[in-house]
Protein chains: 2
Amino acid sequence: MMQPAAIALGVPLRLLAERADASAAQVIADAQVGDYTDLEVLRAWAKGLDVVTFDHEHVPTPHLEALASDGVACRPGPAALMHAQDKAVMRRRLAELEVPCPRNRVVDSSEAVADFAAGAGGWPVVLKTARGGYDGKGVWVIHNPDEAARVFAAAPAGVALVAEERVDFARELSAVVARAPSGQIAAYPVVESTQTGGVCTEVIAPAPNLDPEMALQAQQIAITVAGELDVTGILAVELFETRDGRILVNELAMRPHNTGHWTIDGAVTGQFENHLRAVLDLPLGSPSARAPWTVMVNILGGPAPTLYDGYPHVQARDPEVRVHLYGKSVRPGRKVGHVTAYGEDLADVIQRARHASEWFEGKIGDGESHEAR
Amino acid sequence: MMQPAAIALGVPLRLLAERADASAAQVIADAQVGDYTDLEVLRAWAKGLDVVTFDHEHVPTPHLEALASDGVACRPGPAALMHAQDKAVMRRRLAELEVPCPRNRVVDSSEAVADFAAGAGGWPVVLKTARGGYDGKGVWVIHNPDEAARVFAAAPAGVALVAEERVDFARELSAVVARAPSGQIAAYPVVESTQTGGVCTEVIAPAPNLDPEMALQAQQIAITVAGELDVTGILAVELFETRDGRILVNELAMRPHNTGHWTIDGAVTGQFENHLRAVLDLPLGSPSARAPWTVMVNILGGPAPTLYDGYPHVQARDPEVRVHLYGKSVRPGRKVGHVTAYGEDLADVIQRARHASEWFEGKIGDGESHEAR
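Residues numbered from 1 in each chain as written. Chains lettered and ligands numbered in written order. Predicted model: local features only at pLDDT ≥ 70, side-chain atom pairs only at ≥ 80, totals over all residues. Heavy atoms only, no water.

Draft legend 1. Expanded view of empty space enclosed by the protein. Residue and element names in this part refer to chain B. Taken as a whole and assessed by the stated rule, the structure comprises one cavity of 30 Å³ or more. For the largest cavity, the calculated volume is near 30 Å³. Taken together, Val314, Arg317, Asp318, Val321, Arg352, His355 and Ala356 form the lining of the largest cavity. Residue assignment for the lining of the largest cavity shows that the elements contributing at least two residues are helix H12 (311–317) and helix H13 (346–361). (1 Å grid on protein atoms, 1.4 Å probe; cavity = no way out; pocket = protein on both sides within 12 Å on 5 of 7 lines; lining within 4 Å. Points joined across faces, edges and corners; volume = space filled by probe spheres on them. Helix = DSSP H or I, 4+ residues; strand = E, 2+ residues; numbered from the N terminus.)

Take a look at the structure:
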């Protein structure tokens, strides 16, 4: 999804892809398949580039430092990126910045988890691997010391685990900002996101009925974190809105983020374009919404074996819906695309986006299509 | 510009490019350099494709018929495309359809031009090559038989010339529609276009102060032509609005067209996406405008030797302006990009788009930038 923005800007991309059939490799002419954990591969690939950026946070910090010493700017840089790579580092830094977070502690045993639980409101607690988790992977809800012990037994040696209080949240929010090396920041409207089984499935922009003070506080947190951690590019701060009226930082991501996909069709400047503008040290584009309401719903692999059969129905039914398919084969639960709808009436917009997604997934079909709306 | 739409739709493109450094070849992974006038090259390239489409109209008709007989759908098909390839064929067909056109006649000598002029309101008249002209090339304004004779003397043997009355127009309009093989048509708002030296330089959507009856008539002409000529994909009908309140067809194009570039940022569904949806026989997307006014201004090669230096100023000054650069080297007068602005106030939108274009071109620079607005 970075390529359409790059094409418009006239910025040539060179890709290092893990696999030849990766989505990005299908649409970028100057693409190479290689292992980003192999420093020599990375160095040879990066030769002559002005800037390196990422669509995930897993490139090892020493490799990024090596590229930087070769004269290739890495944006975001390794000192920022480590906070998105390691939840223990992230929690420590956010505490220093006095950014509100769930209570948390690095733990090395089931006893330590029990001790943390006792001091943090009791069971259940959440255990997370400090490194490598995503989309609900590497996260467990733990109800007793035995469950904690099983996680430790299964965890690879040397992997730190972080225990966190299980937050009684009313909903999840996300504050997405873009930050340029100059320090300029563009803050997108704060959105409501829905996670299903640990995977983001739906985003409503802006978050409905959000207290304006809380929206500002969420944006301010993202701005503070982006600035203090010297982030370049997109920073997504995923937040809990608690039932007692607080917001707490759940996760950080330093790349265009699923909770920002609505901006492609819904904002003046999409997150992928602002990411590129930021990493190129160009002035940022307006993050304003173009419609009163924009709703993005992910398309996950479902009963339909292929997505393309959904087009005739979805496009005929709703000539305004925006469809993005990622060129991925369908596997159950895999994010294979998203749809975006926008308009004046939130209930209508939600219904249109959900219907389109469910049709692509194969959850609904011809039998109920024409009555559904 | 078709690639961003193809990426969103998840549709893989295979490109046959004339040169390795062509804009499209820079951004399409599955690209081949070859000569589209060589049938064997074309056939080998097209093998296995579902649909072939075009970003110009110059592929020879017999080649397209050969592809069709190989089982590769060509959209638009050769029977439609010949009307965009040959102005004599186009004028004859439009006359049959009783579509209003400037008076015209195929001519084979300066005497025939003089005879035509005598019957069509006198000198000057316009001479056009029936085939191969574009962007003002192959078009001459002729004031007397001697000038006509010079055109005939310089024209290659066998090229038909069409004489047309020189229309006293108030302005130029363009009606862009997309048509699917099913017959479904999406009609974009009628726009005003400004030509400078035969090259489209500015488009205002919708055309300001256009009589609604005339707007409907323009759309109806485009719909009639698209249907009667069995066009698939985008059809752009360039029109004259005469000072005495008529509209006349100037040119046809059967591909995404410069007068439709405003739709990328300004319409719910851009013309490139609707072109792809049409040639894939998918339902068309809404052609509605997203803002009251959208203005597109081309960036032509000018004093600035490179375009990228324009970014910091243009983007800092106007965070809402949309920039599209085509990855082309700068040559005087060459179309190398375009900018789009939109909003509620037409004068402001025009000013913003023109300023951005002029800055990229290098016509204005630091000395006057900050006072200009």
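That was the structure; now back to the text.
Draft legend 2. Spotlight on the packing of aromatic side chains. One pass over the full model with this rule turns up eight aromatic pairs over all chains. Considering the side-chain rings of B:Tyr188 and B:Trp262, the 6.4 Å spacing of their centres and the 80° angle between planes classify their relative orientation as edge-to-face. On the criterion of sequence distance, the pair formed by B:Tyr188 in the loop between strand S10 (185–187) and strand S11 (191–196) and B:Trp262 in helix H10 (residues 262–266) is long-range, its members being 74 residues apart. Side by side, B:Tyr188 and B:Trp262 carry an identical accessibility label, which is buried. Members of the aromatic cluster, connected to one another through ring pairs, are A:Tyr308, A:Tyr311 and A:Phe360. Its end group placed over the ring of B:Tyr342, A:Arg290 keeps NZ or CZ at 3.8 Å from the ring centre. (Phe/Tyr/Trp six-rings, centres within 6.5 Å; stacked < 30°, edge-to-face > 60°. Buried < 20%, exposed > 50% of the residue type's maximum accessible area, 1.4 Å probe, protein only. Lys NZ or Arg CZ within 6 Å of the ring centre and 35° of its normal.)

Draft legend 3. Inspection of the domain arrangement of chain A at higher detail. Residue and element names in this part refer to chain A. Splitting chain A by domain gives domain 1 (2–84), domain 2 (103–165) and domain 3 (169–369). In this structure, domain 1 and domain 3 have C-alpha centres spaced 24 Å apart. Facing the 20 residues of domain 1 at the interface are 21 residues of domain 3. For the pair domain 1 and domain 3, the summed buried surface comes to about 1,700 Å²; carbon and sulfur atoms form 67% of the total. Its largest share of buried area at the contact with domain 3, domain 1 owes to Met2, Leu9 and Arg75, together 29% of the area lost on that side. At the junction of domain 1 and domain 3, the tally comes to one salt bridge. Between Arg255 and Glu57 there is a salt bridge, with the nearest N and O atoms lying 3.1 Å from each other. Here domain 1 is connected to domain 3 by six residue pairs in polar contact (both at pLDDT 80 or more). (Domains from an automatic or database assignment. Contact = heavy atoms within 4.5 Å. Buried area = accessible area lost by both parts, 1.4 Å probe. Salt bridge = Lys/Arg side-chain N within 4 Å of Asp/Glu carboxyl O. Polar contact = N/O pair within 3.5 Å; in protein donor to acceptor, adjacent residues only side chain to side chain.)

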